[in-house]
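Coordinate analysis (summary)
Next come the chains, spelled out residue by residue.
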Amino acid sequence: MDCKQQTFGIYNKLAGVRSELDGMSKEWENEMQGYSYFSDDQISRTFRWLFNLYKIDFIYSSKITGCREISPTRSWTKQFITDVLIEYKFVDIEDGSFVEWTACWSWNDTGDKWVYKAITGAVKYIFMKMFQISTGDDPEKDIVKDRKPKEEKQPKNETKKDPLAFDDSKYLVSFKI
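One structure accompanies this document, and this report is about it.

Calculation criteria
Residues numbered from 1 in each chain as written. Predicted model: local features only at pLDDT ≥ 70, side-chain atom pairs only at ≥ 80, totals over all residues. Heavy atoms only, no water. Axes fitted to C-alpha atoms, helices over the stretch in contact; angles between N-to-C directions. Helix = DSSP H or I, 4+ residues; strand = E, 2+ residues; numbered from the N terminus. Parallel < 35°, antiparallel > 145°, perpendicular 65-115°, else oblique. Left-handed = near helix turned anticlockwise from the far one by under 90°. Contact = heavy atoms within 4.5 Å. Nonpolar A, V, L, I, M, F, W, Y, C, P; charged D, E, K, R; others polar. Buried < 20%, exposed > 50% of the residue type's maximum accessible area, 1.4 Å probe, protein only. Salt bridge = Lys/Arg side-chain N within 4 Å of Asp/Glu carboxyl O.

Taken N-terminus to C-terminus, the directions of helix H2 (residues 40–54) and helix H3 (residues 114–130) make an angle of 45 degrees; their axes are 11 Å apart at the nearest point. Viewed along their axes, H2 and H3 adopt a mutual orientation that is oblique. For H2 against H3, the interelement crossing comes out left-handed. Side by side, H2 and H3 meet where Asp40, Ile43, Phe47 and Phe51 of the first sit next to Tyr116, Thr120, Lys124, Phe127 and Met128 of the second. For the contact of H2 with H3, the residue count by class is six nonpolar, one polar and two charged.

Listed below in C-alpha cells is the structure:
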C-alpha cells in the first residue's frame, strides 16, 4: 500500500467528523475574566461520540517546554505562563492510517492548575481548528460603545520652558510614614 492510499482512509474519516459539526455554543462562563468557554467535558463528550462513530482514535503526548512567572494581577496574586508542546495523531482504527502534527500553546494562570489548563486549552484548540468549529463569537473584535472622539486639550498659557532643561519634579516621590 503506498503512502497516498495509506492516509486516504483517515482523511475521509476526519472529513466525515467535520461534516457532522455545524457550530457549538460555549456552555461555561468565566465570570472573573469575563469570557465564555467550552468545558473539557463538553469537548470530550462531543468528540468521543464522533470518534467512536467514525472509528478514529486521538492520541497525544504533551511536554512542558517552559514555565515563567509574569507580572502579578491587580490584586498582587502571582501568575505564571506555561508553554506546552503537543504531539498528536488521528488514527483510523480500521486500516491503521494516521496523520500527525505538532502544536505549541501557552497559558497563563494564577492558581495551581496552570499545567492542566495549558494542556487542556491546547487540545481544545486543536479540535476547534482541525474541525473548523464555529462558535458565533469573535474574541478579537473590539467592542465599541458610543465612542466619542477624544477632545484635544488646549495648552494652558504657560511660560515656555527650555525643552532641554531637566524637570526633576517628575521624579520626586514622597512617602508618608
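So, on to the environment of Ile10. You can see Ile10 is positioned in helix H1 (residues 3–20). Note on Ile10: relative accessible area 0%, which makes it buried. Remark: the alpha-carbon pair of Ile10 and Asp92, spanning 82 residues in sequence, is separated by 5.2 Å. Apart from the residues within four sequence positions on either side, Ile10 is in contact with Ile56, Phe90, Val91, Asp92, Ser97, Phe98 and Val99.

This part takes up unusual backbone geometry. Both trends apply: most residues other than glycine have a negative phi, and most peptide bonds are in trans. Even without a glycine there, the phi angle at Lys55 is positive, about 55 degrees. Looking at the element boundaries, Lys55 is found in the loop between H2 and strand E3 (56–70). Assessed through its relative accessible area of 36%, Lys55 is described here as partly exposed. Positive phi outside glycine occurs at Trp76, with the angle close to 65 degrees. In this fold, Trp76 is placed in the loop between E3 and strand E4 (79–92).

On to the side chain of Gln42, then. Counting through the fold element by element, Gln42 comes out in helix H2. In this structure Gln42 comes out as buried when scored by relative accessible area, which is 5%.

It is worth spelling out the pattern of salt bridges at this point. For the structure shown, the criterion picks out six salt bridges. Between Asp92 and Lys13 there is a salt bridge, with its nearest N and O atoms 2.9 Å apart. Of this pair, Asp92 sits in strand E4 while Lys13 sits in helix H1; the two residues are 79 residues apart in sequence, bridging distant segments of the chain. Classification of Lys13 as buried rests on a relative accessible area of 11%. In this structure, Glu100 and Lys89 form a salt bridge, with 4.0 Å as the shortest nitrogen-oxygen distance. Note that Glu100 is positioned in strand E5 (residues 98–109) and Lys89 in strand E4, a separation of 11 residues in sequence. Residue class for Glu100 comes out partly exposed when judged on its relative accessible area of 48%. Taking relative accessible area as the criterion, Lys89 reaches 27% and is therefore assigned partly exposed.

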